[in-house]
Amino acid sequence: MNTKKIGFIGGGNMASSLINGLITSGHSASQIWVSDTNPDTLQSLAENLKVNITDNNDELVKNVDVVVLAVKPQVMRLVTEKIQNNVDNKEQLFVSIAAGISQASLAEWLGNDVAIVRCMPNTPALVMTGATALHANSVVSNEQKDLAENILRAVGISLWVEKESELDAVTAVSGSGPAYYFLLMEAMEEAALQLGLCEKTARLLIQQTALGAAKIALESEDTPSELRRKVTSPGGTTEQALNTFNDGGFTPLVSKALHAARDRSIEMSKELGEK
Ligand SMILES: NC(=O)c1ccc[n+]([C@@H]2O[C@H](COP(=O)([O-])OP(=O)(O)OC[C@H]3O[C@@H](n4cnc5c(N)ncnc54)[C@H](OP(=O)(O)O)[C@@H]3O)[C@@H](O)[C@H]2O)c1
């Protein structure tokens, strides 16, 4: 892994987090390349992370073993079609972190026998606590799969899905997921203020409770449902709140929301592929 040259096309938020994670986990900055259209972005990456920079995507592609496509989905077609002539089909791996761009579209724009891993990371990657699902096309070797997994693992956990279509469900679960927790925090904060707590106290209690619940869930063998039962005494305060959630249709509402997100992900993929 450390001997591989990794290039990032697009040096924005996601790429800089990945690069930071890679360097922190021992990858040499001299083995990392970044190309971007924004000179300020490049300058700041060179100064802060000491990586190689270029404003020329073709130059980057000619120099690296792995190309991480980290531009916005709307410019992906333009970017990939332009670099197509410099792709080394035999050796190179392309890792796309762009939401909604299918492997079929990427293969059409980059060249049909190109090794492509498509990923769906999420925003907590920006604080090294991301959750990423990956899917490889049939050209990707086992060694390339390990490489892709290691790159994404630099900013959190990464796991493989069997079918590319599962990435639409992943988008609905973990891609959009942070916003669901923020909504719950927002609603709890509003209620806490109504109950007489000040904003600062309410916010800190809610944030730490979310972190604590997530830690227990990650560290325990129990299912969420078992964990919930363990903290709910019959006739107690938690039971009162949970009954109120259930009476309001909380579980079917969550299901409806995730189905809506999954359907929108499918729709957006079609729109982006057609451009
Ligand atoms: N942020 C997240 O949490 C998150 C989560 C999941 C997936 N993703 C995916 O990650 C990708 C990157 O997102 P981001 O938030 O990091 O975006 P970003 O901060 O806007 O970074 C994209 C960078 O690419 C540059 N760029 C634009 N056109 C280019 C070109 N032709 N060649 C080279 N560089 C070019 C942009 O420059 P300008 O600023 O000058 O346009 C910008 O610096 C997106 O596809 C997104 O779907 C992001």
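Please read these numbers as outputs of a predicted model, since none were measured by experiment. (Residues numbered from 1 in each chain as written. Predicted model: local features only at pLDDT ≥ 70, side-chain atom pairs only at ≥ 80, totals over all residues. Heavy atoms only, no water.)

A. Representation of the overall build of the protein chain within the structure. Within the protein chain, the regular secondary structure consists of 12 helices and eight strands. Dimensions of the protein chain along its principal axes, counting C-alpha atoms only, are 70 × 40 × 35 Å. In the protein chain, which comprises 275 residues, the proportion classed as buried is 38%. Roughly 15,800 Å² of accessible area belongs to the protein chain as shown, and the carbon and sulfur atoms make up 55% of that amount. Across the protein chain, the 23 positively charged side chains and the 33 negatively charged ones have centroids separated by 1 Å. (Helix = DSSP H or I, 4+ residues; strand = E, 2+ residues; numbered from the N terminus. Buried < 20%, exposed > 50% of the residue type's maximum accessible area, 1.4 Å probe, protein only. Areas by Shrake-Rupley, 256 points an atom, 1.4 Å probe, with all protein chains shown as cover. Lys, Arg positive; Asp, Glu negative; His and termini not counted. Charge placed at Lys NZ, Arg CZ, Asp CG, Glu CD.)

B. The arrangement of the sheet that holds strand β4 (residues 66-69) in detail. An order of β3-β2-β1-β4-β5-β6-β7-β8 is seen for the eight strands of this open sheet, with the pairing classed as mixed. Edge positions in the open sheet fall to β3 (52-54) and β8 (156-160), since each of these has one partner strand only. Geometrically, the sheet is characterised by an average inter-axis angle of 25 degrees between neighbouring strands, direction not taken into account. Pairing of strand β2 (residues 32-35) with β3 involves three bridges; the strand directions are parallel. Considered in β3, the bridge of Val34 is made with Ile53. On the sheet, helix α7 (residues 166-175) packs against β6 (115-120) and β7 (130-136) and is oriented at approximately 35 degrees with respect to β6. (Pairing = 2+ DSSP bridges. Axes fitted to C-alpha atoms, helices over the stretch in contact; angles between N-to-C directions. Contact = heavy atoms within 4.5 Å.)

C. How the structure looks around unusual backbone geometry. Its identity as a non-glycine residue notwithstanding, Lys50 has a phi of 60 degrees, on the positive side. The topology assignment puts Lys50 in the loop between α2 (39-49) and β3. Residue Lys50 is classed as exposed on the basis of its relative accessible area, which comes to 59%. Even without a glycine there, the phi angle at Met128 is positive, about 60 degrees. For Met128, the position within the fold is in the loop between β6 and β7.

D. Representation of the site of the ligand. The environment of the ligand is formed by 21 residues, the closest being Asn13, Met14, Asp36, Asn57 and Val71. Between the ligand and the protein, one listed contact pairs an oxygen atom with a side-chain N or O atom of Asp36 at 2.7 Å. The backbone of Val71 places a nitrogen or oxygen atom 2.6 Å from an oxygen atom of the ligand. Against a free-state accessible area of 900 Å², the protein chains account for coverage of 76% of the ligand. (Near = heavy atom within 4 Å. Polar contact = N/O pair within 3.5 Å; in protein donor to acceptor, adjacent residues only side chain to side chain.)

E. Main features of the environment of Ser105. Locating Ser105 in the fold gives a position in helix α5 (residues 103-110). Judged by relative accessible area, which is 8%, Ser105 ranks as buried. Measuring from C-alpha to C-alpha, the distance between Ser105 and Arg77 comes to 8.2 Å, with 28 residues separating the pair along the chain.

F. View of the nonpolar core. Formed by 33 residues in total, the largest nonpolar core has its most connected members in Phe8, Val51, Leu93, Val95, Val117 and Ile151. Here this core gets five residues from one element, more than from any other, and that element is helix α1 (residues 13-24). When near neighbours in sequence (up to four residues on either side) are disregarded, Val51 contacts Ile19, Ile23, Ala29, Ile32, Val34, Leu45 and Ala46. Of all hydrophobic cores here, the second largest spans 22 residues; its members include Ile9, Trp33, Val71 and Leu110. (Core = buried A, V, L, I, M, F, W, Y, C linked by side-chain atoms within 4.5 Å.)

G. Expanded view of the packing of helix α4 (residues 73-83) against α5. Interhelical geometry of α4 versus α5 gives an angle of 40 degrees and a closest axis separation of 7 Å. Relative to α5, the element α4 is oriented oblique. Counting all contacts with α4, which are made through Met76, Arg77, Thr80, Glu81 and Ile83, the residues of α5 involved are Leu106, Glu108, Trp109 and Leu110. When the residues that make up the contact of α4 with α5 are grouped by side-chain class, the tally is five nonpolar, one polar and three charged. (Parallel < 35°, antiparallel > 145°, perpendicular 65-115°, else oblique. Nonpolar A, V, L, I, M, F, W, Y, C, P; charged D, E, K, R; others polar.)

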